[in-house]
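Notes for the structure review
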Amino acid sequence: MIEVCNVKKSFGEKEVLRDVSFRVNDGDVIAILGPSGSGKTTMLRCLSFLETADAGRVIFDGKEYDLRHSSRKDILDYRKKIGFVFQDYQLFGNKTALENVTEGLIVARKMKKEEAVERGLAALDRVGMLDHKDFYPSRMSGGQQQRVAIARAMVSEPGVIFFDEPTSALDPELTGEVLNVMEKLAKEGTTMVVVTHEMEFARRGADRVILMEGGVIVEEDDSQTFFTAPKTERAKAFLEGIRGGDR
Amino acid sequence: MTERIIQELIDSFPKLLLTALKVTVPLTAISFTIGILIALMTALVQIAKIPVLKQLARFYVWIIRGTPMLVQLFVVYFGLPSIGVTLSAFPSAIIVLSLSVGAYCSETIRGAIESVPKGQLEASYCVGMTFPQAMRRVIIPQAMTAAFPPLSNSLIGLVKDTSLAYSIAVVEIMAQAQRIAARSYDYFWLYLEAGLVYLLICTLLTWLQRVIERRMERKR
């Protein structure tokens, strides 16, 4: 279980996150929705120590991490328990698909190479990329790269995987393959926090939905309630805006 | 061109080549190796934004790039003895050439490291790597691919810069040509021959650069 408490973050004068707290139970899939600039991505980045929050804590695996002041060792230890999938994949350009997946196991976790390769192959198989194991990123489509990136994030069996708009950089015809993989992981019980604009994923793949706006959580519901009977006016307006569009 | 001159050129060529192998090539190889290590460290302290060291690195690059190598050679070889540091010619040349390679190539390497998408560093962190691990395994290998052509350029430049060591009495190709010509007064032909030896070394390096680049290309 992960408990996120009172995260605050400003960039200069602009308050991007004002006191965000939520909870993720094991096996939960949480979709974080909201308009651009609502602080969704910044929150994921703060939760991974890619950005230093101005305040906030995470309680994870019974251990408390201060998002502002944590020692390098604590951050390293924390990061080994999470996975992160970036909007623009960020595969290592000098490594094949398989090496991308095994690198963290071998270098950061000091796993034996044979064991790492075995797990790496299994992870690539789960995302349907086994036949591309020897491909360099430059030889793969965006959707294929993102699937390898998902394999890289999950190969260490982290307590949670953060997804930062995983399909936003993809051509529309490639989003399907990535969403299918994510839905499969969700069904298999992976704990996931997904910042997304994909309403279909939020509706079908997520257990709970968090709607953010202006750096605060404006509504938090189970997925079905959110889409059928939202409580707040803001959530209603947000959903109407989306239905008004062509999604 | 008389027969005598042809004979002299044929006689002197092995001598110049031997000097190249015994002096110019080691001077280049040692200075370049030390220089690249300096360059890498200078680039890394700037990228890791380590206080004090970062400023020192910038200061060093500023001084070396902003002053002529001839001045630097004179300061080290003729100047340092007056404050009690006496170095012989060859080590003096190594020091100056290494520092020069270090300064110029640090900018090349810094640029190359910055050309690798920053997200890959973040991705390395997110699979649990430390900064040094990410640099060694992910960022620097890719930066080196980008830096390889300009670094080859620097290496070829260095081969020719070693001729400046002539000014502090290192007996390299130029000095050797000068000595031989002093006996026969065939300066024109011997200086041309010296140029030819440099050209040979640089042609070899250019060819080597192409071979290696083609091999790196295949690994993509």
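Now for a quick tour of the structure. (Residues numbered from 1 in each chain as written. Chains lettered and ligands numbered in written order. Predicted model: local features only at pLDDT ≥ 70, side-chain atom pairs only at ≥ 80, totals over all residues. Heavy atoms only, no water.)

1. As for the packing of helix H3 (residues 69-79) of chain B against helix H4 (residues 89-115) of chain B
Residues and elements named next belong to chain B. Rules: Only C-alpha atoms enter the line fits that serve as axes; for helices the fit covers just the stretch in contact. Angles between N-to-C directions range over 0 to 180 degrees. Helix numbering and strand numbering both begin at the N terminus, where a helix is a DSSP run of H or I of at least 4 residues and a strand a DSSP run of E of at least 2. For classification purposes, an angle smaller than 35 degrees is called roughly parallel, one larger than 145 roughly antiparallel, one from 65 to 115 roughly perpendicular, and anything else oblique. Take the far helix as your reference; a near helix turned counterclockwise from it by less than a right angle gives a left-handed crossing, and one turned clockwise gives a right-handed crossing. Here a residue-residue contact requires only that any non-hydrogen atoms of the pair lie within 4.5 Å. For this classification, Asp, Glu, Lys and Arg are treated as charged, while Ala, Val, Leu, Ile, Met, Phe, Trp, Tyr, Cys and Pro are nonpolar and the rest, including Gly, are polar.
As a packed pair, H3 and H4 sit with axes 9 Å apart at the nearest point and diverge in direction by 140°. With respect to H4, the element H3 is oriented oblique. Crossing geometry of H3 relative to H4 is assigned as right-handed. Contacts between H3 and H4 pair Met69, Gln72, Leu73, Val76 and Tyr77 from the former with Ala89, Ser92, Ala93, Val96, Leu97 and Ser100 from the latter. Split by residue class, the contact of H3 with H4 holds 8 nonpolar, 3 polar and no charged.

2. Quick notes on the packing of aromatic side chains
Quick note on the threshold: Two aromatic rings, drawn from Phe, Tyr or Trp (for Trp, its six-membered ring), form a pair once their centres lie within 6.5 Å of each other, and the interplanar angle then sorts them: stacked below 30 degrees, edge-to-face above 60, tilted otherwise. For a ring to carry a charge above it, either NZ of a lysine or CZ of an arginine must fall within 6 Å of the ring centroid while also lying within 35 degrees of the normal to the ring plane.
Scanning all chains against the criterion turns up 12 aromatic pairs over all chains. Seen in terms of ring centroids, Tyr187(B) and Tyr191(B) are 5.8 Å apart; in terms of plane orientation they differ by 45°. Their pairing is tilted. Placement of the pair is Tyr187(B) and Tyr191(B) together in helix H8 (residues 187-218), with a separation of 4 residues, close to one helical turn. An aromatic cluster is built from Phe49(A), Phe60(A), Tyr65(A) and Tyr78(A), whose rings are joined through pairwise contacts. Its guanidinium or amino end placed over the ring of Phe60(A), Lys81(A) lies 5.7 Å from that ring's centre, counting from NZ or CZ. Above the face of the Phe227(A) ring, Arg203(A) is positioned so that its terminal group lies 4.8 Å from the ring centre.

3. A few points about helix H4 (residues 113-126) of chain A
Residues and elements named next belong to chain A. For clarity, the threshold we go by: To estimate the expected span of a helix, subtract one from its residue number and multiply by 1.5 Å.
Taking 1.5 Å per residue, 14 residues should reach 20 Å; H4 reaches 20 Å between its end C-alpha atoms and fits that length. Buried residues along H4 sit in contact with helix H3 (97-108) and helix H5 (142-154). Note on H4: the residue one or two positions beyond its end, Gly128, has a positive phi of about 70°.

4. Here we look at the pattern of salt bridges
For the record, the criterion: The term salt bridge refers to a side-chain nitrogen of Lys or Arg lying within 4 Å of a carboxyl oxygen of Asp or Glu. Only protein chains enter the accessibility calculation, which uses a 1.4 Å probe; a residue is then buried when its area is under 20% of its type maximum, exposed when over 50%, and partly exposed in between.
A full pass over the atoms with the stated rule returns 23 salt bridges over all chains. Among the ionic pairs, Arg203(A) bridges to Glu200(A), the shortest N-O distance being 3.3 Å. Separated by 3 residues within a single helix, Arg203(A) and Glu200(A) lie in helix H7 (residues 199-204), roughly one turn from each other. Exposure remark for Arg203(A): the relative accessible area of 41% places this residue in the partly exposed category. The partly exposed category is assigned to Glu200(A), whose relative accessible area is 39%. With its nearest N and O atoms 4.0 Å apart, the salt bridge here joins Lys118(B) to Glu122(B). Placement of both Lys118(B) and Glu122(B) in helix H5 (residues 118-126) is noted, with a separation of 4 residues, approximately one turn of the helix. The buried category is assigned to Glu122(B), whose relative accessible area is 11%.

5. Focus on the sheet that holds strand S2 (residues 14-24) of chain A
All names here are of chain A. Put simply, the rule reads: Pairing between strands is defined by DSSP: at least two bridges between the two strands are required.
Across the sheet, which stays open at both edges, the 4 strands sit in the order S2-S1-S4-S5 with antiparallel pairing between neighbours. Lying at the two open borders of the sheet, with one neighbouring strand each, are S2 and strand S5 (63-66). The mean angle between the axes of side-by-side strands here comes to 15°, regardless of whether they run parallel or antiparallel. Relative to S5, strand S4 (residues 55-60) runs antiparallel, the two sharing 4 bridges. Of the residues in S5, the one forming a bridge with Phe60 is Lys63. Of the strands in this sheet, strand S1 (2-11), S2 and S4 touch helix H1 (residues 40-47), which is tilted by about 65° from S2.

6. Describing a positive patch on the surface
Residues and elements named next belong to chain B. The line we're drawing: Surface patches are drawn from residues lacking salt bridges whose relative accessible area is over 30%; two like charges belong together within 9 Å, two nonpolar side chains (Val, Leu, Ile, Met, Phe, Trp, Tyr) within 5 Å. Areas reported here follow the Shrake-Rupley algorithm with a probe of radius 1.4 Å; residue values treat only the protein chains shown as occluding. The charge count includes Lys and Arg as positive and Asp and Glu as negative, but it does not include His or the ends of the chains. Where a charge sits is defined by one atom per residue type, namely NZ (Lys), CZ (Arg), CG (Asp) or CD (Glu).
A cluster of basic residues, Arg210, Arg214, Arg215 and Arg218, forms a positive patch on the protein surface. Its place among the elements puts Arg218 in helix H8. Since its relative accessible area comes to 67%, Arg218 is described here as exposed.

7. Looking at the nonpolar core
In plain terms, the rule: Definition of nonpolar core: a set of buried residues of the types Ala, Val, Leu, Ile, Met, Phe, Trp, Tyr and Cys, connected through side-chain atoms within 4.5 Å.
Phe22(A), Ile32(A), Tyr78(A) and Phe162(A) are the most contacted members of the largest nonpolar core, which has 91 residues in total. Looking at this core element by element, the count peaks at 12 residues for helix H6 (residues 131-161) of chain B. Among residues more than four places away in sequence, those in contact with Tyr78(A) are Leu47(A), Ser48(A), Phe49(A), Val58(A), Phe60(A), Tyr65(A) and Phe162(A). In terms of nonpolar packing, the next biggest core, distinct from the first, is built from 49 residues, Ala31(A), Tyr89(A), Val127(A) and Leu185(A) among them.

8. Things to note about the packing of H4(A) against H5(A)
Between two packed helices, both the angle of their axes relative to each other and the distance between the axes serve to describe the pair. Residues and elements named next belong to chain A. Look at H4 against H5: their axes get within 9 Å of each other, and the N-to-C directions meet at 135°. Viewed along their axes, H4 and H5 adopt a mutual orientation that is oblique. The two elements H4 and H5 cross, and the hand of that crossing is right-handed. When H4 is examined against H5, the residues Ala123, Leu124 and Arg126 are found in contact with a partner set consisting of Val148, Ala151 and Met154. A breakdown of the residues in the contact of H4 with H5 according to their chemical character gives 5 nonpolar, no polar and 1 charged.

9. What about the pairing of strand S9 (residues 208-213) of chain A?
Residue and element names in this part refer to chain A. Most of S9 sits inside the fold, with 5 of its 6 residues counted as buried. Alignment of strand S3 (residues 29-33) against S9, held across 4 bridges, turns out to be parallel. In the sheet register, Ala31 faces S9, and the bridge partner there is Val209. For S9 and strand S10 (residues 216-222), the ladder comprises 6 bridges, and the chain directions are antiparallel.

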